[in-house]
Amino acid sequence: MIPGSFEYHRPASIKEAVGLLGKLGDEGRALAGGHSLIPMMKLRLAKPAHLVDLAGIADLKGVRADGNDVVIGAMTTQHELGGSDLLTGKIPLLRETSLQIADPQVRYVGTLGGNVANGDPGNDMPAVMLCLGATYHVAGKSGERRIAARDFYQGAYFTALEPGDVLTAVRIPVPPAGHGYAYEKLKRKIGDYATAAAAVVLTMSGGKVASCSIGLTNVAETPLWAQEAGKIITGSALDAATIKKAVAAAEAITAPASDARGPAQYRTKMAGVMLARALARAKARARG
Ligand SMILES: Cc1cc2nc3c(=O)[nH]c(=O)nc-3n(C[C@H](O)[C@H](O)[C@H](O)COP(=O)(O)OP(=O)(O)OC[C@H]3O[C@@H](n4cnc5c(N)ncnc54)[C@H](O)[C@@H]3O)c2cc1C
């Protein structure tokens, strides 16, 4: 359980980190909280010759409002997400989700940037980012670019990041005041990754759903945006027949692996159960 040897770098700016990672190519990896990367290195599933620690870069930290968006620095920890008054007021789904990640020890060091850049379908934040319509800010060899979270995930551990890229921030449009939200996660025990989980953000108007967005965790090689299920819910009063139809549409896009968390069919059904629960809780929280 000891990782292979590596050289440690601690740049003080985004520019320096991008320069270093660009020069190191496949030999280098960004290090954030290390709570996914270091275990992978201990198992020798990752063997970077160089680690570029992002912890000394002040520009990667903090949460700020920018017009109707909130911008969260990549090195903001999962613990800080839960403790931010700005986020709790404007996007409470983030606090609800962060509190369901691992345990306090992991959340104190694990970062939002690491959670969404990692590409592990078991990570909780990616599906929440699809649900919220987030955009990732990326700095790389050819400058800065923005990538929609919904276009970012390509396969297990494959993302739109290229060698040398640093994810610098996550930009999230603030959902309308009075929106309903929920993250429902089935796990075998406290601190476990999801057997299946569902994120919902919806708005209500006159007793009907005016908009609905749904993300699913750990039921495919990538997080899923259940667009069709969201469309089915929109315009309805969230009656039982509509929920059943939406759940079936969400289940239809899942393709989970059979593993220690259960057979594929069970995990698909649990995604449906989590979605039905998240819809009910989001409705109960929504105004309008
Ligand atoms: C016991 C345990 C339980 C856990 N349970 C859960 C859980 O229930 N849900 C969950 O979501 N996660 C869980 N995790 C994972 C945890 O949330 C990690 O912290 C997270 O996945 C990665 O964040 P990190 O900051 O630790 O990133 P690191 O481990 O440092 O990095 C992860 C990957 O992302 C890359 N990376 C990191 N930051 C950047 C960046 N800014 N730009 C470009 N690339 C970057 C790294 O190069 C690496 O490939 C658990 C971890 C442990 C140890």
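Residues numbered from 1 in each chain as written. Predicted model: local features only at pLDDT ≥ 70, side-chain atom pairs only at ≥ 80, totals over all residues. Heavy atoms only, no water.

Colleague: Just checking my understanding: could you explain the overall build of the chain for this structure?
Modeller: Looking only at helices and strands, the chain has eleven helices and 14 strands in total. Expected size for 288 residues packed as a compact globule is a radius of gyration near 19 Å; at 19 Å, the chain falls within 12% of this value. The C-alpha extent of the chain, read off along each of the three principal axes, is 60 × 45 × 35 Å. When each of the 288 residues of the chain is scored for burial, the buried share is 52%. Sequence-distant contacts, at least 24 apart, represent 61% of the contacts inside the chain between residues at least 6 apart. Only carbon and sulfur atoms are counted for the fraction: they give 53% of the accessible area of the chain, which is about 12,900 Å². (Helix = DSSP H or I, 4+ residues; strand = E, 2+ residues; numbered from the N terminus. Rg over C-alpha atoms; globule rule 2.2 N^0.38 Å. Buried < 20%, exposed > 50% of the residue type's maximum accessible area, 1.4 Å probe, protein only. Contact = heavy atoms within 4.5 Å. Areas by Shrake-Rupley, 256 points an atom, 1.4 Å probe, with all protein chains shown as cover.)

Colleague: Explanation requested: the site of the ligand in the structure shown.
Modeller: Taken together, 31 residues form the shell around the ligand, and within it Ala30, Gly34, Ser36, Thr111 and Asp124 come nearest. The contact in question runs from an oxygen atom of the ligand to an N or O atom on the backbone of Gly33, over 2.8 Å. One of the backbone nitrogen or oxygen atoms of Ala102 is found 3.3 Å away from an oxygen atom of the ligand. Coverage of the ligand by the protein amounts to 90% of the 960 Å² it exposes when considered alone. One can see that the ligand is located within the largest pocket. Looking at the shell around the ligand, the elements with two or more residues in it are strand E2 (28–31), helix H7 (112–117) and strand E10 (166–173). (Near = heavy atom within 4 Å. Polar contact = N/O pair within 3.5 Å; in protein donor to acceptor, adjacent residues only side chain to side chain. 1 Å grid on protein atoms, 1.4 Å probe; cavity = no way out; pocket = protein on both sides within 12 Å on 5 of 7 lines; lining within 4 Å. Sits in = over half its atoms within 2 Å of the grid points.)

Colleague: I'm lost on the pairing of strand E3 (residues 50–53) in this one. Help?
Modeller: Both faces of the sheet carry side chains from a regular strand, because those side chains alternate between them. Burial along E3 is two-sided: His50 and Val52 and Leu51 and Asp53, pointing in opposite directions, are all buried. Direction of pairing for strand E1 (residues 7–9) relative to E3: parallel, over a ladder of three bridges. In the strand pairing of E3, Glu7 is matched with His50. Where E2 lies against E3, four bridges are found, and the strand directions are parallel. Across the sheet, residue Arg29 finds its bridge partner in E3, namely Leu51. With respect to chirality, the unit in which E2 leads through helix H2 (residues 37–42) into the neighbouring parallel E3 is right-handed. (Pairing = 2+ DSSP bridges. Right-handed = clockwise from strand over helix to strand, strands pointing away.)

Colleague: Can you help me understand the environment of Ser36 in this one?
Modeller: By the secondary structure assignment, Ser36 is in the loop between E2 and H2. Its relative accessible area of 22% is what places Ser36 among the partly exposed residues. Sequence separation between Ser36 and Thr222 is 186 residues; the distance between their C-alpha atoms is 16 Å. In this structure, Ser36 is in contact with Asn118 and Tyr193, ignoring residues within four places of it in sequence. Within the structure, the side chain of Ser36 is placed 3.2 Å from the side chain of Asn118, a separation counted as a polar contact.

Colleague: Looking at this structure, how should I read the sheet that holds E2?
Modeller: Sheet strands pair via backbone hydrogen bonds, and the direction of the pair is either parallel or antiparallel. Taken in spatial order, the three strands of this open sheet run E1-E3-E2, and their pairing is parallel. Among the strands making up the open sheet, the edge pair consists of E1 and E2. Averaged over all neighbouring strand pairs, the angle between strand axes comes to 25 degrees, with direction disregarded. Contacting E1, E2 and E3, helix H1 (residues 14–24) runs over the sheet at an angle of about 165 degrees to E3. (Axes fitted to C-alpha atoms, helices over the stretch in contact; angles between N-to-C directions.)

Colleague: Whenever I open this one, the pairing of strand E11 (residues 180–186) confuses me. Can you help?
Modeller: Across the seven residues of E11, six count as buried, placing the element largely inside the fold. Bridge count for E11 against strand E12 (residues 196–205) is seven bridges, and the pairing is antiparallel. If you follow Tyr181 over to E12, its bridge partner there is Val201.

Colleague: Sorry, what's going on with the layout of surface pockets here?
Modeller: Left-over empty space is what a probe sized like a water molecule reveals as it rolls over the atoms. When its volume is computed, the largest pocket comes out at roughly 1,300 Å³. Arg29, Leu37, Gly114, Ala117 and Asn118 are, among the 50 residues lining the largest pocket, the residues nearest its centre. If you list the elements that add at least two residues to the lining of the largest pocket, you get E2, H2, H7, strand E9 (158–159) and E10. Residue composition of the lining of the largest pocket, by class: 23 nonpolar, 18 polar and nine charged. Forming the walls of the second largest pocket are 20 residues, and the residues nearest its centre are Ile14, Asp59, His137, Thr168 and Ala169. Elements with a contribution of two residues or more to the lining of the second largest pocket: H1, strand E4 (63–66), strand E5 (69–73), strand E6 (135–140), strand E7 (143–148) and E10. When grouped by side-chain class, the residues that make up the lining of the second largest pocket number nine nonpolar, four polar and seven charged. (Points joined across faces, edges and corners; volume = space filled by probe spheres on them. Nonpolar A, V, L, I, M, F, W, Y, C, P; charged D, E, K, R; others polar.)

Colleague: Mind showing me how you'd approach helix H8 (residues 125–132) here?
Modeller: Note: α-helices contain 3.6 residues per turn, so residues at a spacing of three or four share the same orientation. Buried residues dominate H8, accounting for eight of its eight residues. Looking one or two places after H8, you find Gly133, whose phi comes out positive at around 70 degrees.

Colleague: Please clarify how the nonpolar core should be interpreted in this entry.
Modeller: Generally speaking, soluble globular proteins have nonpolar side chains that are buried together. Among the nonpolar cores identified, the biggest contains 36 residues, and Leu94, Val116, Met129, Tyr136, Val170 and Ile172 are the most heavily contacted of them. Elements supplying a minimum of two residues to this core: E5, helix H5 (92–98), H7, H8, E6, E10, E11 and E12. It is H8 that provides the largest number of residues to this core, a total of six residues. Beyond its immediate stretch of four places on either side in the chain, Val170 contacts Val70, Val71, Ile72, Leu112, Val116, Met129, Ala134, Thr135 and Tyr136. Counting 30 residues, the second largest nonpolar core, distinct from the first, contains Val200, Met270, Ala271 and Ala286. (Core = buried A, V, L, I, M, F, W, Y, C linked by side-chain atoms within 4.5 Å.)

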